[in-house]
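# Understanding the architecture of this molecule
So you can see what is in the structure, the chains are spelled out below.
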Amino acid sequence: MSAETKQLSREIERRRTFAIISHPDAGKTTLTEKLLLYGGAIRQAGAVRARRAARHATSDWLELEKQRGISVSSSVMTFEHDGFRVNILDTPGHHDFSEDTYRTLAAADSAVMLIDAAKGVEPQTRKLFHVCRMRGIPIFTFVNKMDRQGRDPLELMTEIEEVLGIHATPVNWPVGAGADFKGVYDRLQKRLLLFHGGDHGSTQVEREIIDGEPGSGPVREALGPLADEIIDSLELLEGAGENLDPAKVRAGELTPMFFGSALTNFGVLPFLESFLELAPVPYARPSSKGPIDPAVNPFSAFVFKIQANMDPDHRDRVAFVRVCSGVFRKGESTTHVPSAKKIRLANSTLLMARDRSSVDEAYPGDVIGLFDPGIFRIGDTLSDEGDFTYEGIPSFPPEHFVRVRVAEVLRRKSLEKGLLQLTQEGLVQLFKDPDSGSAAPILGAIGPLQFDVLKFRMEAEYKVEMRLDPLPYTVARWIRGTYDPETFRYASNARVVEDREGRKVLLLERIYSLNHYEQNHPELELAETPFDHQFDQVP
Ligand code: G4P
């Protein structure tokens, strides 16, 4: 093995790239911040929120984030801890931005599912969990807000197993709850961890470690009045629970569970330490020529997100690229597979929240930002060999549609430019309506909030004021192969439009019309995405 290959393997082994998924308000921002605190990336908690506030001052479209109290854009946070290199892919929390979240999950090697101890499994968690399951992404569970009176931990565990259909195995178990939440018992290392202090969560907490089986003298003594109850629960888990089988975790069949409070920092470090040990290293990803081994093949990567105008002072587009194999070296050339063009990777940035620092080398699992001259699309593969494409950037059929009306006809050019760039970012999907005689484009989105963001950004960045008239459609299906236009001629609740590439797309008002067409026209092949690979629908 050459020194270079050895170095590559070492770098891969120490990388952990994951996303946190949760229902809004479960505490994702807080947990992310605390992981950064423990990872040494920030010295005092509060910095991420402060950074968010500072960002608002410099970037005007993010004003919308502030107004709505949501996170519109996602970024990547990187830190080193205990020899590990950790990449947290930040996913937007609002359910309207789910498509962006789904794409981010495609770039992650595992997901941390954050659950509010009082609320249990919430609708958004279920949806995101389902996507992870379909993509075979290993899932870790962090039950948050243990400092508040929540639900019984055994009941939460059962709910996760029943509602999500996955086995759960607690790596640690909470000691007390609400104001009495004192620590966790670490089932793997057989030790009790008690937490003290912590300056209301802004700095790290102190921990006291008491080694021993749950029933042993020192542990029993430290548990005090809670001892019997906790020892009973731990015995129950020992007898009836699943063992922590790494193969099952890797296959997404078993979720290791942790308890804690991101607010007070109780349980954050034990989670981080165990997670880094258990979470998968960057693994071989499926491609058109089979799985690509990260450690063997030359450099390859794929684009999972594109964002324009991140910095209002410099009109730019950044393509977020996940490295999948080999080493990225600044200044070297690679092939942009869809266009078969050689490109030089000159301007690359490693992204730590919104601060950019130049990156000279990156390894599988890392995310780099490439300045995009306008050639990248979401899902594009970059590869030194240039002879394969990565598969699996999920695409979802839009469920909301509007027709674009522009107030000033003279702004037409800016309108076209803005729409093109923002659709390339994947914010909305653009359709033409060839039969209506109207040149006004139709836009489709997963959630209606995306239209608000679009309108806002078109005004702020392209100086185009527009009106978006809602259309009654809720279903979109790509028509594969040929079809008889007569089929839809007299249908008042159906319309055939074209996507950007000229592919025919059927828009329907109601899902039951879809059943009607599927039953009465078996020759019609209707697909949820324009691509050949099928992606199951999220319930
Ligand atoms: P999100 O990104 O998932 O939407 O959640 P975020 O971290 O913003 O947290 C949502 C609310 O829950 C915040 O309260 C936050 O302080 C609180 N929270 C997060 N983790 C914990 C925890 O472990 N325990 C408790 N008790 N609360 C927690 P807020 O009142 O909306 O905001 P703020 O005034 O605290 O900033």
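For the structure itself, look to the data block above.
Let us look at the structure shown here. All figures in this text were calculated on a predicted structure; none of them were measured in a lab.

### Regarding the environment of Ile115
Topologically, Ile115 is positioned in strand β4 (residues 110-116). Linking Ile115 and Phe142, residues 27 residues apart in sequence, is a C-alpha distance of 6.2 Å. Leaving out residues up to four positions away in the same chain, Ile115 has contacts with Gly120, Val121, Thr125, Thr141, Phe142, Val143, Asn144 and Ile160.

### A few points about a negative patch on the surface
A contiguous patch of negative charge, built from Asp152, Glu229, Asp232 and Glu235, is present on the exposed surface. What makes Glu229 exposed here is its relative accessible area of 55%.

### Considerations on the sheet that holds strand β10 (residues 206-211)
What the four strands build is an open sheet, ordered β7-β8-β9-β10; its pairing is antiparallel. Two strands bound the open sheet, and with one partner strand each, they are β7 (172-175) and β10. With strand direction ignored, the average angle separating the axes of adjacent strands in the sheet is 25°. Inspection of the sheet shows β7 paired to strand β8 (residues 183-186) by four bridges, in the antiparallel sense.

### Examining the environment of Ala247
Within the secondary structure, Ala247 sits in helix α10 (residues 246-250). Note: C-alpha distance between Ala247 and Pro138 (109 residues apart in sequence) is 10.0 Å.

### Things to note about helix α2 (residues 28-38)
The buried fraction of α2 is high, at ten of eleven residues. Turning to α2, its buried residues are Lys28, Thr30, Leu31, Thr32, Glu33, Lys34, Leu35, Leu36, Leu37 and Tyr38. One or two steps after α2, the chain reaches Gly40, where phi turns positive at roughly 80°.

### As for the pattern of salt bridges
In the structure shown here, the tally under the stated rule is 31 salt bridges. For the salt bridge of Arg207 with Glu273, the shortest nitrogen-to-oxygen distance reads 3.1 Å. Note that Arg207 is positioned in strand β10 and Glu273 in helix α11 (residues 268-278), a separation of 66 residues in sequence. A network of salt bridges, in which partner residues are shared, links Glu11, Arg14, Arg15, Glu80, Arg85 and Asp366.

### Section: the site of the ligand
The local shell around the ligand holds 15 residues, among which Asp25, Lys28, Thr29, Thr30 and Asp147 are the closest. At a separation of 3.4 Å, an oxygen atom of the ligand approaches a polar backbone atom of Ala26. Taking Thr29, its side chain carries an N or O atom lying 2.5 Å from an oxygen atom of the ligand. A total of three residues in the shell around the ligand trace back to one element, the largest contributor, which is α2. Grouping the constituent residues of the shell around the ligand by class yields four nonpolar, five polar and six charged.

### A closer look at the pairing of strand β5 (residues 139-144)
Walk down a regular strand and you will see the side chains alternate between the two sheet faces. Counting buried positions along β5 yields six of six residues, so the element is predominantly enclosed. The alternating pattern of β5 places Ile139, Thr141 and Val143 on one face and Phe140, Phe142 and Asn144 on the opposite face, and all of these are buried. Two strands pair when backbone bridges link them, and β4 and β5 are joined in this way by six bridges, in the parallel orientation. The residue bridging Leu114 from the neighbouring strand is Phe142, located in β5. Running through helix α6 (residues 123-135), the crossover from β4 to the neighbouring parallel element β5 is right-handed. Judged from the three bridges that link them, β5 and strand β11 (residues 254-259) form a sheet pairing that is parallel. By the bridge assignment for β11, Thr141 is matched with Met257.

### What to know about the packing of helix α12 (residues 412-424) against helix α13 (residues 449-462)
Between α12 and α13, the shortest axis-to-axis distance is 10 Å and the interhelical angle comes to 125°. The angle between the axes of α12 and α13 places the two elements in the oblique class. α12 and α13 meet at a crossing whose hand is right-handed. Of the residues in α13, those touching α12 at Ser414, Leu415, Gly418, Leu419, Gln421 and Leu422 are Leu454, Arg457, Met458 and Tyr462. Across the contact of α12 with α13, the residue classes break down as six nonpolar, three polar and one charged.

### Quick notes on unusual backbone geometry
Peptide bonds are mostly trans, and most non-glycine residues show a negative phi. In this structure, Lys145 takes a positive phi of about 65° despite not being glycine. If you trace the backbone, Lys145 turns up in the loop between β5 and α7 (153-164). A positive phi angle is found at Lys190, which is not glycine, with a value near 50°. In this fold, Lys190 is placed in the loop between β8 and β9 (191-196). The partly exposed category is assigned to Lys190, whose relative accessible area is 29%.

### Comments concerning α6
In a regular helix each residue adds 1.5 Å, so 13 residues correspond to 18 Å; α6 covers 19 Å between its end C-alpha atoms and thus fits that length. Among the residues of α6, Gln124, Thr125, Leu128, Phe129, Val131 and Cys132 are the ones counted as buried. Looking straight down α6, one finds its buried side chains confined to an arc of 155°; they lie on one side. Following α6 by one or two positions, Gly136 has its phi on the positive side, about 70°.

### Focus on the nonpolar core
If you look at the biggest cluster of nonpolar residues, it comprises 90 residues, and the most contacted ones within it are Leu35, Leu105 and Ile160. Sorting elements by how many residues they give to this core places α11 first, with six residues. Counting the residues that make up this core, at least three belong to each of domain 1 (18-73 + 96-278) and domain 2 (300-383).

### Structural notes on the sheet that holds strand β28 (residues 504-508)
Reading across the sheet, the eight strands line up as β25-β22-β24-β23-β27-β28-β26-β29 and stay open at both edges, with antiparallel pairing between neighbours. Either end of the sheet is taken by a strand with one partner, and the two such strands are β25 (466-471) and β29 (525-527). For this sheet the average axis-to-axis angle between neighbouring strands, irrespective of direction, equals 40°. By the bridge criterion, four bridges tie strand β26 (residues 475-480) to β28 in an arrangement that is antiparallel.

### Quick look at the pairing of strand β16 (residues 341-344)
For strand β15 (residues 333-336) and β16, the ladder comprises four bridges, and the chain directions are antiparallel. Looking across to β16, one finds that His336 is bridged to Lys341. Between β15 and β16, which pair antiparallel and follow one another directly, the connecting turn spans four residues, one of which, Ala340, has a positive phi of 60°.

Conventions used here
- Just so you know, the residues in each chain are numbered from 1, in the order the chain's sequence is written.
- Since the coordinates come from a predicted model, pLDDT governs what is reported: local features require at least 70, and pairs of side-chain atoms require 80 or more to be given and counted, while whole-chain, interface and lining totals use all residues.
- Think of the side-chain values as coming from all heavy atoms in the structure, minus any hydrogens and water.
- Counting from the N terminus, the helices are DSSP H or I runs at least four residues long and the strands are E runs at least two residues long.
- Note on contacts: a residue pair qualifies if any of its non-hydrogen atoms lie within 4.5 Å across the two residues.
- To count toward a patch, a residue needs a relative accessible area over 30% and no salt bridge; like charges are then connected within 9 Å, while nonpolar side chains (Val, Leu, Ile, Met, Phe, Trp, Tyr) are connected within 5 Å.
- In this description, accessible areas are obtained by the Shrake-Rupley approach with a 1.4 Å probe, and a residue is regarded as covered only by the protein chains that are shown.
- One speaks of a salt bridge when a side-chain nitrogen belonging to Lys or Arg is within 4 Å of a carboxyl oxygen belonging to Asp or Glu.
- Charge assignment in this entry is limited to Lys and Arg as positive and Asp and Glu as negative, and neither His nor the chain termini are counted.
- All charge positions are set by atom: Lys at NZ, Arg at CZ, Asp at CG, Glu at CD.
- Each residue is placed in one exposure class: buried if its accessible area under a 1.4 Å probe, protein chains only, is under 20% of its type's maximum, exposed if it is over 50%, and partly exposed if it falls in between.
- When DSSP locates at least two bridges between a pair of strands, those strands are taken to pair.
- Note on definitions: angles span 0 to 180 degrees between N-to-C directions of axes, and those axes are lines fitted to C-alpha atoms, for helices only across the stretch in contact.
- Proximity is defined per residue: any heavy atom of the residue falling within 4 Å of a molecule or strand makes that residue near it.
- Any N or O atom pair separated by 3.5 Å or less is treated as a polar contact, with the protein-specific requirement of one donor-capable and one acceptor-capable atom, and with residues adjacent in sequence counted only for side-chain atom pairs.
- Nonpolar residues are Ala, Val, Leu, Ile, Met, Phe, Trp, Tyr, Cys and Pro. Charged residues are Asp, Glu, Lys and Arg, and all others, Gly as well, are polar.
- For crossovers, right-handed means that the path from the first strand over the helix to the second runs clockwise, given strands pointing away from the viewer.
- Should an angle fall under 35 degrees it is taken as roughly parallel, and over 145 as roughly antiparallel, whereas 65 to 115 is taken as roughly perpendicular and any remaining angle as oblique.
- We call a crossing left-handed when the near helix sits turned anticlockwise from the far one by less than a right angle, and right-handed when that turn is clockwise.
- Helices are assigned an expected span. That span is 1.5 Å times one less than the residue count.
- This arc corresponds to the set of directions leading from the helix axis out to the C-beta atoms.
- Put simply, a nonpolar core is a bunch of buried Ala, Val, Leu, Ile, Met, Phe, Trp, Tyr and Cys residues held in one set by side-chain atoms that sit within 4.5 Å of each other.
- The split into domains, and so the bounds of each, comes from an automatic or database assignment of domains.

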